[in-house]
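# Chains, contacts and geometry: an overview
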Amino acid sequence: MEGITIKIFTKSEDLPEMTCKNFFHSKELFSIIENTPRLTPYMVIAYDSSMHVLAHLLAHLCNRSSLFPLYFYVHGRVYGIGEYEKGIGNQDKEEIFGMMLNQLTRRFRRHLCLYVEFSDITPKMFGYRFFRNNEYFPVPWQEIHNSLYNKEPKERLSKKQLRRIEKLEHLGVQSKSITTDEEFKHFYKLLHSFYQVKFSRFIPPREQFIQLWKSYKAHLLVTTYKNKIIGGCVLAFSEQDAYLWYLASQKKRYSWLHPNTIMVWNAIKYAYEHHYNHIDFIDIGAPNHSNRRRKFYLSFGGKPISKYRWFRISIPWINNLCSWWYRE
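Worth saying up front: this structure is predicted, and the values here are computed from it rather than measured.

## Considerations on the pairing of strand 6 (residues 115-119)
Among the five residues in strand 6, five count as buried, and that is most of the element. Of the two faces of strand 6, the one holding Tyr115, Glu117 and Ser119 and the one holding Val116 and Phe118 are both buried throughout. Bridge count for strand 6 against strand 13 (residues 303-313) is four bridges, and the pairing is antiparallel. When the bridges of strand 13 are listed, glutamate 117 appears paired with phenylalanine 311.

Given below as structure tokens:
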């Protein structure tokens, strides 16, 4: 496309006026990331010839390090395809996205970014050619999409899951919103310890969760049993949909109480009671029938959706090997 200018901003005071309906590409999330240690936001903006904003895409860099095991590296993260002005056709969206992707990839490369991950790409084949041109490779991914209209959530549960939930509620397992600093402290400690052993998942510093706790675009819930916090989750809200962003629990110690079951069920109920159209579970994993997480989330009455997650590794031979391994 001719007459398109791409600019990248890293400071909130430099951002131009623009419409932000998608939370994952909003000024608010940009500011939250900007004020979180070890994270750097990048707002990629496409202008037309009159310098009117046509589209914007929010990405961020994460600095990860550990003394044991010893490692230090930087990775990039993007949720979705960005936000576009009304009236822009699908073909033009892809062209603009390709230009933003090209500039963002160059910027990440200059910052010695070990790898970049794009998730929640809708529709599935969106930007396929441009990802390939920038040496990204696709990994098949599963998401679960629950509708929250026409039927009450309880009507969509499997019979087995419904019996389990009723039994757990009778035992006194329940979920509630975080309301005190003490509850938040226990919530983040649980979240951090849960993801600390999962090398593939990055848990942001507590400053980000404090800001999410205060934001009306997110909500923090905890699962309790006899006044002890045994699980927690973060819901994010974008337009008319809710997203289960983070989920953690003490599964080993309280496995017999199935804390994830009550946690997910109450997240669904919260989204339903606040009149969201859908709730999406975006970190299910590979779309195969042996995926236990997939079976678990499907028991709440959702529908599986196959997508791609796109990755680019800065070490060429590893990137080529992964591209070959995940070839279609």
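## Considering the nonpolar core
With 40 residues, the main nonpolar core has Phe187, Phe209, Leu212, Trp245 and Tyr246 as its most contacted residues. Looking at this core, the elements that each hand over two or more residues are helix 1 (27-34), strand 2 (39-47), strand 3 (53-67), helix 6 (181-196), helix 7 (206-214), strand 9 (218-225), strand 10 (228-238) and strand 11 (241-249).

## Description of a nonpolar patch on the surface
A cluster of nonpolar side chains, namely Ile315, Trp317, Leu321, Trp324, Trp325 and Tyr326, defines an oily patch on the protein surface of about 710 Å² accessible area. Looking at the secondary structure, you find leucine 321 in helix 10 (residues 316-325). Leucine 321 sits in the partly exposed class, given a relative accessible area of 45%.

## Thoughts on the packing of helix 5 (residues 159-171) against helix 8 (residues 259-273)
To describe two helices that pack against each other, one gives the angle between their axes and the distance between the axes. Two elements in contact, helix 5 and helix 8, have axes separated by 10 Å at closest approach and are oriented at 100°. It follows that helix 5 is roughly perpendicular to helix 8 by the angle criterion. Each of Gln161, Arg164, Ile165, Leu168 and Glu169 in helix 5 lies in contact with helix 8, whose residues at this interface are Thr261, Ile262, Trp265 and Lys269. Among the residues making up the contact of helix 5 with helix 8, the classes are represented as four nonpolar, two polar and three charged.

## Examining the environment of methionine 99
Mapped onto the elements, methionine 99 comes out in helix 2 (residues 90-110). C-alpha of methionine 99 to C-alpha of glutamate 28: the two residues are 71 residues apart in sequence and 24 Å apart in space.

## A short note on helix 8
Under the 1.5 Å per step criterion, the end-to-end length of helix 8 is 21 Å for 15 residues, consistent within 8% with the ideal 21 Å. In terms of burial, helix 8 is a largely internal element, twelve of the 15 residues being buried. Where helix 8 terminates, the next one or two residues include histidine 275, which has phi positive at roughly 65°.

## Notes on the pattern of salt bridges
By the definition in use, this model includes nine salt bridges. For the salt bridge of glutamate 135 with arginine 312, the shortest nitrogen-to-oxygen distance reads 3.2 Å. Taken together, the residues span a long stretch of sequence, with glutamate 135 in the loop between helix 3 (128-133) and strand 7 (137-147) and arginine 312 in strand 13 at a distance of 177 residues. Accessibility expressed as a relative area gives 10% for arginine 312, which makes it buried. The partner of aspartate 283 in a salt bridge is arginine 293, and the shortest N-O contact between them spans 3.5 Å. On the criterion of sequence distance, the pair formed by aspartate 283 in strand 12 (residues 278-285) and arginine 293 in helix 9 (residues 292-298) is long-range, its members being ten residues apart. The exposure class of aspartate 283 is buried, given its relative accessible area of 17%. Bridged by salt links that share partners, the residues Arg77, Glu117, Asp283, Arg293 and Arg309 form one connected network.

## Description of the environment of proline 205
For proline 205, the location among the structural elements is in the loop between helix 6 and helix 7. Using a relative accessible area of 8% as the deciding quantity, one classes proline 205 as buried. Sequence spacing of proline 205 and isoleucine 313 is 108 residues, and the spatial spacing of their C-alpha atoms is 24 Å.

## Let's talk about the packing of aromatic side chains
Summed over all chains, the structure comprises 33 aromatic pairs. Arranged with centres 5.3 Å apart and planes meeting at 65°, the rings of phenylalanine 209 and tyrosine 246 form a pair that is edge-to-face. With phenylalanine 209 in helix 7 and tyrosine 246 in strand 11, this residue pair connects regions lying 37 residues apart in the sequence. Within the aromatic cluster, the residues linked to one another by ring pairs are Phe23, Phe24, Tyr79, Phe184, Phe187, Tyr188, Phe209, Trp213, Tyr243, Trp245 and Tyr246. Its end group placed over the ring of tyrosine 47, lysine 7 keeps NZ or CZ at 5.8 Å from the ring centre.

## Topic: the environment of asparagine 22
Structurally, asparagine 22 is set in the loop between strand 1 (5-9) and helix 1. Residue class for asparagine 22 comes out buried when judged on its relative accessible area of 17%. It is 6.7 Å that separates the C-alpha atoms of asparagine 22 and glutamate 83, two residues lying 61 residues apart in sequence. For asparagine 22, the residues in contact, after removing those within four places along its chain, are Glu83, Ser238 and Glu239.

## Here we look at the packing of helix 6 against helix 7
It is at 11 Å that the axes of helix 6 and helix 7 come closest, and there the two elements cross at 135°. When the axis of helix 6 is compared with that of helix 7, the two are oblique. In this structure, helix 6 crosses over helix 7, and the sense of that crossing is right-handed. Of helix 7, the residues touching helix 6 (which contributes Asp181, Phe184, Phe187, Tyr188 and Leu191) are Arg206, Phe209, Ile210 and Trp213.

## Looking at the side chain of glutamine 142
Positionally, glutamine 142 belongs in strand 7. Residue glutamine 142 is classed as buried on the basis of its relative accessible area of 2%. In terms of polar contacts, glutamine 142 uses its side chain to reach the side chain of arginine 294, at 3.0 Å. A polar side-chain atom of glutamine 142 sits 3.2 Å from the main-chain carbonyl oxygen of isoleucine 305. Dropping the residues within four chain positions of it, glutamine 142 is found in contact with Ile284, Gly285, Ala286, Pro287, Arg294, Pro304, Ile305 and Ser306.

Analysis parameters
- Residues numbered from 1 in each chain as written.
- Predicted model: local features only at pLDDT ≥ 70, side-chain atom pairs only at ≥ 80, totals over all residues.
- Heavy atoms only, no water.
- Buried < 20%, exposed > 50% of the residue type's maximum accessible area, 1.4 Å probe, protein only.
- Helix = DSSP H or I, 4+ residues; strand = E, 2+ residues; numbered from the N terminus.
- Pairing = 2+ DSSP bridges.
- Core = buried A, V, L, I, M, F, W, Y, C linked by side-chain atoms within 4.5 Å.
- Patch = residues over 30% accessible without salt bridge, like charges linked within 9 Å, V, L, I, M, F, W, Y side chains within 5 Å.
- Areas by Shrake-Rupley, 256 points an atom, 1.4 Å probe, with all protein chains shown as cover.
- Salt bridge = Lys/Arg side-chain N within 4 Å of Asp/Glu carboxyl O.
- Axes fitted to C-alpha atoms, helices over the stretch in contact; angles between N-to-C directions.
- Parallel < 35°, antiparallel > 145°, perpendicular 65-115°, else oblique.
- Contact = heavy atoms within 4.5 Å.
- Nonpolar A, V, L, I, M, F, W, Y, C, P; charged D, E, K, R; others polar.
- Expected span 1.5 Å × (residues − 1).
- Phe/Tyr/Trp six-rings, centres within 6.5 Å; stacked < 30°, edge-to-face > 60°.
- Lys NZ or Arg CZ within 6 Å of the ring centre and 35° of its normal.
- Left-handed = near helix turned anticlockwise from the far one by under 90°.
- Polar contact = N/O pair within 3.5 Å; in protein donor to acceptor, adjacent residues only side chain to side chain.

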